[in-house]
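# Secondary and tertiary structure notes
What follows is the residue order along each chain.
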Amino acid sequence: MALTKLQSGITLADLHEAGSLAALGADIFEGGDVKFYVKPTHGTPTDPINAGYFGTTKGRYRLVYPFDEQATITWGEVKITDESTGETHFYKAGDSWFITAGTSTLWEVVSAGYTKHYYAVVPA
């Protein structure tokens, strides 16, 4: 067993650039080639249960969630819209959410970028 302290204030500079968000299936509407950044804290993204830091550069894009996720913003500001309900929420550092697999979300990164720590459960 291990205890991992999650840190607030983690920025994109603390993560590893992993490529274009479009490679993860995002439809990008604004921001050009939005980049994403990662740093795992448990497992890998393909493991049934995994966790880590994730962030993107500024942009507006759609993501359909392939897993259930609980996440907390560590840096930056985002607006997330649940496209099935039209409901939009604004999140800043310290704010958290839960999204279920299959949810289509529209993201607007309000700040220069954002980071979150997430805990994901991939459906069997």
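Keep in mind the model is a prediction, meaning the values are calculated, not measured.

This brings us to the environment of Ala22. Mapped onto the elements of the fold, Ala22 is located in the loop between strand E1 (16-20) and strand E2 (27-30). According to the relative accessible area criterion, Ala22 is partly exposed, its value standing at 42%. With 13 residues separating them along the chain, Ala22 and Lys35 place their C-alpha atoms 8.4 Å apart.

Under the definition given, this model contains five salt bridges. Between Asp27 and Arg62 there is a salt bridge whose closest N-O contact spans 3.7 Å. Of this pair, Asp27 sits in strand E2 while Arg62 is found in strand E5 (residues 60-64), placing the two residues 35 residues apart along the sequence. Judged by relative accessible area, Asp27 falls into the partly exposed class, the value being 38%. Judged by its relative accessible area of 25%, Arg62 falls in the partly exposed class. Look at the salt bridges and you will find they share partners, linking Asp27, Arg62 and Glu83 into a network.

Scanning the entire structure with this criterion turns up six aromatic pairs. Pairwise contacts between aromatic rings join Tyr61, Tyr91, Trp97, Trp107 and Tyr114 into one cluster.

Where E1 meets strand E3 (residues 35-42), four bridges bridge the pair, whose relative direction is antiparallel. Each residue of the ladder has a partner; that of Ser20, found in E3, is Lys35. Across six bridges, E3 lies against strand E4 (residues 49-57) in antiparallel orientation. Paired with Phe36 across the bridge in E4 is Thr56. Here E3 hands over to E4 after six residues, with Gly43 in that stretch at a positive phi of 65°.

The subject of this paragraph is the nonpolar core. Of all hydrophobic cores here, the largest spans 20 residues; its most connected members are Leu21, Tyr61, Val78, Trp97, Trp107 and Tyr114. Broken down by secondary-structure element, the contributors of at least two residues to this core are E5, strand E6 (68-82), strand E8 (96-99) and strand E9 (104-121). Ranked by the residues each element gives to this core, the list is headed by E9, at five residues. For Tyr61, the residues in contact, after removing those within four places along its chain, are Leu21, Asp27, Ile28, Phe29, Val34, Thr56, Thr105, Leu106, Trp107, Val109 and Tyr114. Grouped together as the second largest cluster of nonpolar side chains are five residues, Ile10, Leu12, Leu15 and Tyr37 included.

The rules behind these values
- Residues numbered from 1 in each chain as written.
- Predicted model: local features only at pLDDT ≥ 70, side-chain atom pairs only at ≥ 80, totals over all residues.
- Heavy atoms only, no water.
- Helix = DSSP H or I, 4+ residues; strand = E, 2+ residues; numbered from the N terminus.
- Buried < 20%, exposed > 50% of the residue type's maximum accessible area, 1.4 Å probe, protein only.
- Salt bridge = Lys/Arg side-chain N within 4 Å of Asp/Glu carboxyl O.
- Phe/Tyr/Trp six-rings, centres within 6.5 Å; stacked < 30°, edge-to-face > 60°.
- Pairing = 2+ DSSP bridges.
- Core = buried A, V, L, I, M, F, W, Y, C linked by side-chain atoms within 4.5 Å.
- Contact = heavy atoms within 4.5 Å.

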